[in-house]
Amino acid sequence: MGLKVILYDPKGEVEYLLSDIFEVTGHTLYSLKGDEEEILKGIKELDSQLFILPVSNKELWIEALKEKVLFPFFILNNNREGERLLSYGFSDLNLVPIPFNPLDLLNKLTVVDKLEPYEDSLSELGFVNAVLKLAISGSSKILKVSHQGKECSVKAFPVSISCDLPKLREILKEEYELSLGEEQEKYTKSFENLSEFFEELLSEDSTAVQVVEVSELQEEVLEELEEGFLLIYKVLNNGIVKRNFYLLKLQGRGREVILSVGLPDLGSISLLNKGLEKFSKGPGDITAVLLPTCSYEDLEVLKRLSLKVQRLTVIGRRRLGNLFRLYGVGNLRFKAIEDIPLLRAGLATGHTLSFIPLSDGLSVAVKVKDKLFTGKLFGSFNTEDTDIRRIFHKILYPSRDVLLMDLRTLLPYLSESKVFPLFGPTVDNPEKVYAELRDYRYTPNLVKMQEAVYLLNLTLDYLSEEEKEALLEKIGSYVELGDKMVTEIFTEPNLFMTELFNALMEAVQTPERFFYILKELFNYGIYIPPSEV
């Protein structure tokens, strides 16, 4: 008998991934929409106890517990959300981090659905799921949760605990052990129902959630720049990175063409659907995906799109075709720009696509009408600061000569175009930016171990205590700490600088702090090997 699962997905983050696989595997997915009252009514009426929902809506799960026992599976957008849930007794089984493999989620759902609360299965279920299992069974058994001599007993039916809530929370934050015991007489606190119990257990988390949601806000925007032209972007890494893609609807000669220039990130594939809905279209109506550049994340997005769109056409550099085959997306209809005569493709609407190959063999600029689309060339972080744009390009171009070669390749197109990169703001005056980048003189300099240690300690000096703690949490396994400073790095120094650079974006509290530190670091002439930004 297949699983029956309730889904509340207000942002459309996961439904498109699950609908087909549930149908193919014989499971049932109930997708609920509407306000809280409608959702709760639907939950009450459906024959299901498995509930997928965003972690930001976990109060909806708590409210629903007044009506029936539900096992929650929380959609997560970052690791900190998951770490918080684990500290309150949830299991990895309850976490759905984006991106995720739908088959892995099906396995989690099956495990929670099938496992019974026996002694040997408690550790896999985790505290929360074990309590819910005991509540369903109406068992008189109690659940003992313990860590290094501290112990608390929980009775699930009716809900009672033998310790106070602060002590229970304290135990759950550690590597606790679970066991079953017999009914006992003495309980410190009782609760009216499961809803009241979990509301009070998680009450300590309410302010923490608000702080994280503000500091880690991931802004998603659909902006219509002109009729038939959408800029769609997501702001990531505490507001530091702005990742773009574009949708074009071209019309002429009684025909219509839909182009996607670039792709959303894995956590925002739903944005593609929302953008297409603006044109009253769906994924199957995309004429072609144009790839100015391609990352491994793009490959995974294409792989998932190809499951929904049978004849998806992708246009890019020839080397991408080999990557597609290696990555298991060889079923795409791929067109290499090198095979297009004169690097110009005529469309059924009468428009022309012009392709300008760039030096790395994977990147290409694409000109459509008065629009020039690039990958990271002419891009930046989420700022128009000239110095930061230069540093952005220095990270991507270890040789100034290679950067100059690509800039000169695009120079003939700049006077008649606006530039739309896949990262950072639109460039309204590309000739001005061209001059800024062309005149930027630098000498790439790989760092030695002693320099890497110095630069890390310099970085730590710029950080607040909270930022420092967050940074060391990310890179702590690579370094040895002495008296308030790092004394040694346990990996190749230039590889470490890449890790430091990426970790710093997540650790700082504002983009301005990151940009300030970045400028200070690059005063030392360092070169950070290219990585996905």
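Because the structure is a prediction, the values reported are computed rather than measured.

Cut-offs used in this document
- Residues numbered from 1 in each chain as written.
- Predicted model: local features only at pLDDT ≥ 70, side-chain atom pairs only at ≥ 80, totals over all residues.
- Heavy atoms only, no water.
- Helix = DSSP H or I, 4+ residues; strand = E, 2+ residues; numbered from the N terminus.
- Rg over C-alpha atoms; globule rule 2.2 N^0.38 Å.
- Buried < 20%, exposed > 50% of the residue type's maximum accessible area, 1.4 Å probe, protein only.
- Contact = heavy atoms within 4.5 Å.
- Areas by Shrake-Rupley, 256 points an atom, 1.4 Å probe, with all protein chains shown as cover.
- Lys, Arg positive; Asp, Glu negative; His and termini not counted.
- Charge placed at Lys NZ, Arg CZ, Asp CG, Glu CD.
- Expected span 1.5 Å × (residues − 1).
- Axes fitted to C-alpha atoms, helices over the stretch in contact; angles between N-to-C directions.
- Left-handed = near helix turned anticlockwise from the far one by under 90°.
- Nonpolar A, V, L, I, M, F, W, Y, C, P; charged D, E, K, R; others polar.
- Pairing = 2+ DSSP bridges.
- Core = buried A, V, L, I, M, F, W, Y, C linked by side-chain atoms within 4.5 Å.
- Phe/Tyr/Trp six-rings, centres within 6.5 Å; stacked < 30°, edge-to-face > 60°.
- Lys NZ or Arg CZ within 6 Å of the ring centre and 35° of its normal.
- Parallel < 35°, antiparallel > 145°, perpendicular 65-115°, else oblique.
- Patch = residues over 30% accessible without salt bridge, like charges linked within 9 Å, V, L, I, M, F, W, Y side chains within 5 Å.
- Salt bridge = Lys/Arg side-chain N within 4 Å of Asp/Glu carboxyl O.

**Q** Describe the overall build of the protein, and please don't skip the residues or the numbers.
**A** When its secondary structure is counted, the protein shows 19 helices and 24 strands. Scaling as 2.2 N^0.38, a compact globule of 533 residues should have a C-alpha radius of gyration of about 24 Å, and the protein matches this with 27 Å. Along the three orthogonal principal directions, the C-alpha set of the protein runs to about 85 × 65 × 35 Å. Within the protein, buried positions represent 55% of all 533 residues. The long-range share in the protein, meaning contacts at least 24 apart out of those at least 6 apart in sequence, stands at 63%. Of the accessible surface of the protein, which amounts to about 24,300 Å², a share of 47% is contributed by carbon and sulfur atoms. Between the mean site of the 61 positive side-chain charges and the mean site of the 83 negative ones, the protein shows a separation of 7 Å.

**Q** Describe helix α14 (residues 400-414), listing the residues and the values that go with them.
**A** For α14, spanning 15 residues, the distance from its first C-alpha to its last is 20 Å, which sits close to the expected 21 Å at 1.5 Å a residue. When α14 is considered as a whole, its buried residues turn out to be Arg-400, Leu-403, Leu-404, Asp-406, Leu-407, Leu-410 and Leu-414. Where α14 is buried, its residues touch β19 (352-357), β20 (364-368), β21 (371-374), α13 (386-396), β22 (418-421) and α15 (430-438).

**Q** Would you mind going over the packing of helix α1 (residues 15-25) against helix α5 (residues 102-114) in detail, with residue names and values included?
**A** The interhelical angle for the contact between α1 and α5, taken along N-to-C directions, is 60°, at an axis separation of 10 Å. Every pair of crossing elements has a handedness; the one defined by α1 and α5 is right-handed. Along its contact with α1, which presents Leu-17, Leu-18, Ile-21, Phe-22 and Thr-25, the element α5 presents Pro-102, Leu-103, Leu-105, Leu-106 and Leu-109. The residue makeup of the contact of α1 with α5, split by class, is nine nonpolar, one polar and no charged.

**Q** Which residues make up the sheet that holds strand β18 (residues 344-346), and what are the values?
**A** By way of backbone hydrogen bonds, the strands of a sheet pair with one another, either parallel or antiparallel. With mixed pairing, the five strands of this open sheet are ordered in space as β18-β19-β20-β21-β22. One side of each edge strand has no neighbouring strand; the edge strands of this open sheet are β18 and β22. Strand-to-strand twist of the sheet, defined as the mean angle between neighbouring strand axes without regard to direction, takes the value 20°.

**Q** Pulling in residues and values, what's your account of the nonpolar core?
**A** Of all hydrophobic cores here, the largest spans 102 residues; its most connected members are Trp-61, Leu-109, Phe-127, Leu-168, Phe-197, Phe-198 and Phe-324. Counting residues per element, this core draws most heavily on helix α6 (residues 122-137), which supplies eight residues. Once you skip the residues sitting within four places of it in the chain, Phe-324 turns out to touch Leu-291, Cys-294, Leu-299, Leu-302, Val-314, Val-329, Gly-330, Leu-332 and Phe-334. Residues Val-366, Val-447, Leu-463 and Phe-522 belong to the second largest nonpolar core, which totals 87 residues.

**Q** So what's going on with the packing of aromatic side chains? Residues and values would help.
**A** Geometry of an aromatic ring pair is reported as the spacing of the ring centres plus the angle between the planes. On inspection of all chains with the given rule, the structure shows 23 aromatic pairs. Ring centres of Trp-61 and Phe-74 lie 6.0 Å apart, and the angle between their planes is 85°; this geometry places the pair in the edge-to-face category. Of this pair, Trp-61 sits in helix α3 (residues 58-64) while Phe-74 sits in strand β4 (residues 71-76); the two residues are 13 residues apart in sequence, bridging distant segments of the chain. Exposure remark for Phe-74: the relative accessible area of 0% places this residue in the buried category. Plain terms: the ring middles of Phe-381 and Phe-392 are 5.2 Å apart, the flat faces sit at 85° to each other, and that makes the pair edge-to-face. In this pair, Phe-381 is assigned in the loop between β21 and α13 and Phe-392 in helix α13, connecting sequence segments eleven residues apart. On the basis of relative accessible area, Phe-381 is assigned to the buried category, the value being 1%. Feature note: the residues Trp-61, Phe-74, Phe-90, Phe-191, Phe-197 and Phe-198 constitute an aromatic cluster, connected by ring pairs. Above the face of the Tyr-88 ring, Lys-173 is positioned so that its terminal group lies 4.9 Å from the ring centre. Between Lys-303 and the ring centre of Tyr-327, over which it is positioned, the NZ or CZ distance is 5.4 Å.

**Q** Tell me about the packing of α14 against α15, and name the residues and values.
**A** In the contact formed by α14 and α15, the axes pass within 10 Å of each other and the chain directions differ by 160°. Looking at the two axes, α14 sits roughly antiparallel to α15. Once α14 is placed against α15, the crossing between them reads as left-handed. Mapping the contact onto sequence places Arg-400, Leu-403, Leu-404, Leu-407, Arg-408, Leu-411 and Leu-414 in α14 and Pro-430, Glu-431, Tyr-434, Leu-437 and Arg-438 in α15.

**Q** Could you give an account of the sheet that holds strand β10 (residues 189-190), naming the residues involved and the relevant values?
**A** With respect to topology, five strands assemble into an open sheet ordered β9-β6-β7-β8-β10, the strand pairing being antiparallel. The sheet terminates laterally at β9 (177-181) and β10, the two strands that pair on one side only. In this sheet, β10 lies alongside strand β8 (residues 159-161) in antiparallel orientation, the contact comprising two bridges. The residue bridging Ile-161 from the neighbouring strand is Lys-189, located in β10.

**Q** So what about a negative patch on the surface? Which residues, and what values?
**A** Negative charge collects at one region of the surface, where Asp-35, Glu-36, Glu-37 and Glu-38 lie side by side. Under the relative-accessibility criterion, Asp-35 is labelled partly exposed at 44%.

**Q** Just give me the short version of the pattern of salt bridges, but keep the residues and values in it.
**A** Evaluated as defined, the whole model comprises 27 salt bridges. Lys-4 is the salt-bridge partner of Asp-47, the closest N and O atoms lying 3.4 Å from each other. Of this pair, Asp-47 sits in the loop between α2 (36-45) and β3 (50-54) while Lys-4 sits in strand β1 (residues 4-8); the two residues are 43 residues apart in sequence, bridging distant segments of the chain. With its nearest N and O atoms 2.2 Å apart, the salt bridge here joins Glu-170 to Lys-150. Of this pair, Glu-170 sits in helix α7 (residues 165-172) while Lys-150 is found in strand β7 (residues 150-156), placing the two residues 20 residues apart along the sequence. A single network of salt bridges, built from pairs that share partners, joins Glu-220, Lys-234 and Asp-265.

**Q** Quick one: what's the story with the pairing of β21, residue by residue and with numbers?
**A** The two faces of β21 match: Lys-371 and Phe-373 on one face and Leu-372 and Thr-374 on the other face are all buried. Direction of pairing for β20 relative to β21: antiparallel, over a ladder of three bridges. Within the sheet, the bridge partner assigned to Val-368 lies in β21 and is Lys-371. Where β20 hands over to β21, the hairpin turn is made up of two residues, of which Lys-369 adopts a positive phi near 55°. Of the pairings in the sheet, the one linking β21 to β22 comprises four bridges and is parallel in character. By the bridge assignment for β22, Thr-374 is matched with Pro-421.

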